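These are the residues of each chain, in order.
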Amino acid sequence: MNIIVCIKQIIDPETPMSQFAIDARTKRQVPGNNPLVISPYDANALEMAIQLKERQGAKVTAISVGGATTTTALRSALSMGADEAILVNDPLLAGSDQRGIAHVLANTIRKAGAYDLILTGCESGDWADRAVPAFLAEELEIGYVGYVTRIEARDGQVIVRRVVEDGYELIEAKTPFLAAISSDETNTARYAKLRDIMTAAKKIIPVWKSADLGLDSERIGSGAAKVAITDVYIPVKESRCEMIEGNTPEEKAATLAARLRELKLI
């Protein structure tokens, strides 16, 4: 079985808000010195792929679209257990929207060779975007299910467990197939061993350009984007403290109740 895992490198979501900054021109977050990590749901997808590899044998390839620093995320994927990694890095892709990124990923997957299963995160950890997996499945003309927490694969078929509002449902599908993975107690990303980290550091990660993938120039880049980001800002939190006066606890309680009614909070 050949499994492709699409991952994205983002600024660590646990970074304190005080360290976040937005570029006014690009409307993007400024990396600064903040740590970069694999998007959390993508890490869940990678863990699921590695578990399938361990249970029944598979080749796992991690693919990412990004800048030069994205090799860090791909080496993390290799240290966790992925067999190969591919980076697509080209300035022509800057500003691509969800359909554009899906087009890039689809052509990358085709060039990478035969595949049975494609795993992605159910949403990105920076923009909470959920569109790329569906667009990717559409581009490749394969089946797709989102919010998958568990997968069983055998004999050219997969059985996926998907979270729904009142529980979960089981769906059976033929491969090739794409599943967008949500977090579950069974797919928490593992910590890489030092030996595996050192081995991953020595592996060669090929870097592909737009010209290598035969991309449609009218579908990539900011000029082809159908979605425009008009504004991004860091919310300002304001807090105020109002002292409730009174000579006795009863007076303070009555004053507090009156003030809450005045503010229409009760």
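Residues numbered from 1 in each chain as written. Predicted model: local features only at pLDDT ≥ 70, side-chain atom pairs only at ≥ 80, totals over all residues. Heavy atoms only, no water.

> Before we move on, can you summarise the overall build of the chain with the specific residues and values?
Scanning the chain for helices and strands turns up 7 helices and 13 strands. Over its C-alpha atoms the chain spans a radius of gyration of 23 Å, topping by over 25% the 18 Å that the globule rule assigns to 266 residues. Projected onto its principal axes, the C-alpha coordinates of the chain cover approximately 80 × 45 × 40 Å. The proportion of buried residues among the 266 residues of the chain is 37%. Sequence-distant contacts, at least 24 apart, represent 72% of the contacts inside the chain between residues at least 6 apart. A distance of 4 Å separates the average location of the 31 positive side-chain charges in the chain from that of its 36 negative side-chain charges. (Helix = DSSP H or I, 4+ residues; strand = E, 2+ residues; numbered from the N terminus. Rg over C-alpha atoms; globule rule 2.2 N^0.38 Å. Buried < 20%, exposed > 50% of the residue type's maximum accessible area, 1.4 Å probe, protein only. Contact = heavy atoms within 4.5 Å. Lys, Arg positive; Asp, Glu negative; His and termini not counted. Charge placed at Lys NZ, Arg CZ, Asp CG, Glu CD.)

> Which residues make up the pattern of salt bridges, and what are the values?
Using the criterion set out here, one finds 15 salt bridges in the structure. Here E242 makes a salt bridge to R259, at a shortest N to O gap of 2.9 Å. Of the two residues, E242 sits in the loop between α6 (210-213) and α7 (249-262) while R259 sits in helix α7, which places them 17 residues apart along the sequence. The class for E242 is partly exposed, based on a relative accessible area of 48%. Salt bridges sharing common partners tie together E47, E54 and R190. (Salt bridge = Lys/Arg side-chain N within 4 Å of Asp/Glu carboxyl O.)

> Before we move on, could you go through the sheet that holds strand β13 (residues 207-208) and cite the residues and values that matter?
Pairing in this open sheet of 9 strands is mixed, and the strands run β11-β10-β9-β12-β8-β1-β6-β7-β13 from one edge to the other. A strand with exactly one partner marks an edge of an open sheet, and here the two such strands are β11 (167-174) and β13. Alignment of strand β7 (residues 84-88) against β13, held across 2 bridges, turns out to be parallel. Counted as the bridge partner of V88 is W208 from β13. (Pairing = 2+ DSSP bridges.)

> Go over the side chain of T61, please, and point to the residues and values.
Among the structural elements, T61 can be located in strand β6 (residues 59-65). Setting aside chain neighbours within four positions, we find T61 in contact with I3, I4, V5, E84 and I86.

> So what's going on with a nonpolar patch on the surface? Residues and values would help.
Residues L194, I197 and M198 make up a contiguous nonpolar surface patch of about 310 Å² in total accessible area. Within the secondary structure layout, I197 lies in helix α5 (residues 194-202). Residue I197 is classed as partly exposed on the basis of its relative accessible area, which comes to 41%. (Patch = residues over 30% accessible without salt bridge, like charges linked within 9 Å, V, L, I, M, F, W, Y side chains within 5 Å. Areas by Shrake-Rupley, 256 points an atom, 1.4 Å probe, with all protein chains shown as cover.)

> Before we move on, can you summarise the packing of helix α2 (residues 71-80) against α5 with the specific residues and values?
If you want to describe how two helices pack, look at the angle between their axes and the distance between the axes. For the pair α2 and α5, interaxial distance at closest approach is 8 Å and the crossing angle is 130 degrees. Judged on the interaxial angle alone, α5 and α2 are oblique. Remark: the crossing between α2 and α5 carries right-handed chirality. When α2 is examined against α5, the residues R75, L78 and S79 are found in contact with a partner set consisting of D196, I197, A200, A201 and K202. Classifying every residue of the contact of α2 with α5 gives 4 nonpolar, 1 polar and 3 charged. (Axes fitted to C-alpha atoms, helices over the stretch in contact; angles between N-to-C directions. Parallel < 35°, antiparallel > 145°, perpendicular 65-115°, else oblique. Left-handed = near helix turned anticlockwise from the far one by under 90°. Nonpolar A, V, L, I, M, F, W, Y, C, P; charged D, E, K, R; others polar.)

> So, the packing of aromatic side chains: which residues are in play, and what are the values?
Within the structure shown, the criterion is met by 0 aromatic pairs. Over the face of the ring belonging to Y168 we find R161, whose NZ or CZ atom lies 3.6 Å from the ring centre. (Phe/Tyr/Trp six-rings, centres within 6.5 Å; stacked < 30°, edge-to-face > 60°. Lys NZ or Arg CZ within 6 Å of the ring centre and 35° of its normal.)

> Describe the side chain of T108, with residues and values.
As for its position among the elements, T108 is in helix α3 (residues 98-112). Separated by 2.7 Å, the side chain of T108 and the backbone oxygen of V104 make a polar contact. (Polar contact = N/O pair within 3.5 Å; in protein donor to acceptor, adjacent residues only side chain to side chain.)

Keep in mind these numbers describe shape, not what the thing actually does.
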